[in-house]
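# Understanding the architecture of this molecule
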Amino acid sequence: MCGRFTLRTKLNLLLSQFAAEMAGGVEWEPLYNIPPTTTVPVARLNEAKRRELVRLKWGLIPSSAKANKIHNGTINARSA
């Protein structure tokens, strides 16, 4: 996982590319410096099996974590 990324795509283009709908309460603005633990827009399947754009916290939860929360020190991972 990279340390930071940007998300500058216009909302209508993003929704079109992912064939997604806007979930209630999602506000949109370009983000130019997104570090881990930031809440970002994400396309996912809802219960009706349709894609929707929602806001989720970005980051990793290591398998060694005692609590189900994102660890600020873990920003890179490698698959075995």
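Whatever comes next refers back to the structure up there.
Please read these numbers as outputs of a predicted model, since none were measured by experiment.

## Observations regarding the overall build of the chain
Summing up its helical and strand segments, the chain has one helix and five strands in all. Going from N to C terminus, the chain has its helices and strands arranged as β-α-β-β-β-β. Of all intrachain contacts in the chain linking residues separated by at least 6 positions in sequence, the fraction that spans at least 24 positions is 48%. Of the roughly 6200 Å² of accessible surface on the chain, a fraction of 50% belongs to carbon and sulfur atoms.

## A word on the sheet that holds strand S4 (residues 39–45)
Read from one edge to the other, the open sheet built from three strands follows the order S2-S5-S4, with strand pairing classed as mixed. A single partner strand is all that each edge strand has here, and the edge strands are strand S2 (21–22) and S4. Relative to strand S5 (residues 51–57), S4 runs antiparallel, the two sharing seven bridges. Paired with Thr39 across the bridge in S5 is Lys57. Packed onto the sheet, helix H1 (residues 11–18) meets S2, S4 and S5 and runs at close to 115° relative to S5.

## Examining the side chain of Asn46
Mapping Asn46 onto the fold places it in the loop between S4 and S5. For Asn46, a relative accessible area of 19% translates into the label buried. Within the structure, Asn46 has its side chain in polar contact with the backbone nitrogen of Ala48 (distance 3.0 Å).

## A few points about the pattern of salt bridges
Tallied over the entire structure, the rule returns two salt bridges. For the salt bridge of Arg50 with Glu21, the shortest nitrogen-to-oxygen distance reads 3.7 Å. One end of the pair, Arg50, is in the loop between S4 and S5; the other, Glu21, is in strand S2, and 29 residues separate them in sequence. On the accessibility criterion, Arg50 (45% relative accessible area) is partly exposed.

## So, unusual backbone geometry
Residue Thr37 is not a glycine yet carries a positive backbone phi of 80°. Position of Thr37 relative to the elements: it lies in the loop between strand S3 (31–34) and S4. Even without a glycine there, the phi angle at Lys49 is positive, about 65°. Structurally, Lys49 can be placed in the loop between S4 and S5.

Cut-offs and rules
- Position labels on residues start from 1 in each chain and follow its written sequence.
- pLDDT decides what is reported in this predicted model: residues at 70 or higher carry local features, side-chain atom pairs at 80 or more are listed and counted, and totals for whole chains, interfaces and linings draw on all residues regardless.
- For the side-chain quantities, the full set of heavy atoms in the structure was used; hydrogens and water were omitted.
- Per the convention used, a helix needs a DSSP run of H or I reaching at least four residues, while a strand needs a run of E reaching at least two, with both numbered from the N terminus.
- We call two residues in contact when some of their heavy atoms are within 4.5 Å.
- Note that accessible areas follow from Shrake-Rupley with a 1.4 Å probe, and for residues the cover is restricted to the protein chains shown.
- Two strands are counted as paired when DSSP detects at least two bridges linking them.
- Think of each axis as a best-fit line through the C-alpha atoms, taken over the contacting stretch in the case of a helix, with angles from 0 to 180 degrees between the N-to-C directions.
- Categorising residues by exposure relies on relative accessible area from a 1.4 Å probe, with only protein chains included: less than 20% of the type maximum marks a residue as buried, more than 50% marks it as exposed, and the intermediate range marks it as partly exposed.
- Throughout this description, a polar contact denotes any pair of N or O atoms lying within 3.5 Å of each other; where both atoms belong to protein, one of them has to be capable of donating a hydrogen while the other can accept it, and for residues adjacent in sequence the pair is counted only when both atoms sit in side chains.
- Any Lys or Arg side-chain nitrogen found within 4 Å of a carboxyl oxygen on Asp or Glu counts as a salt bridge.

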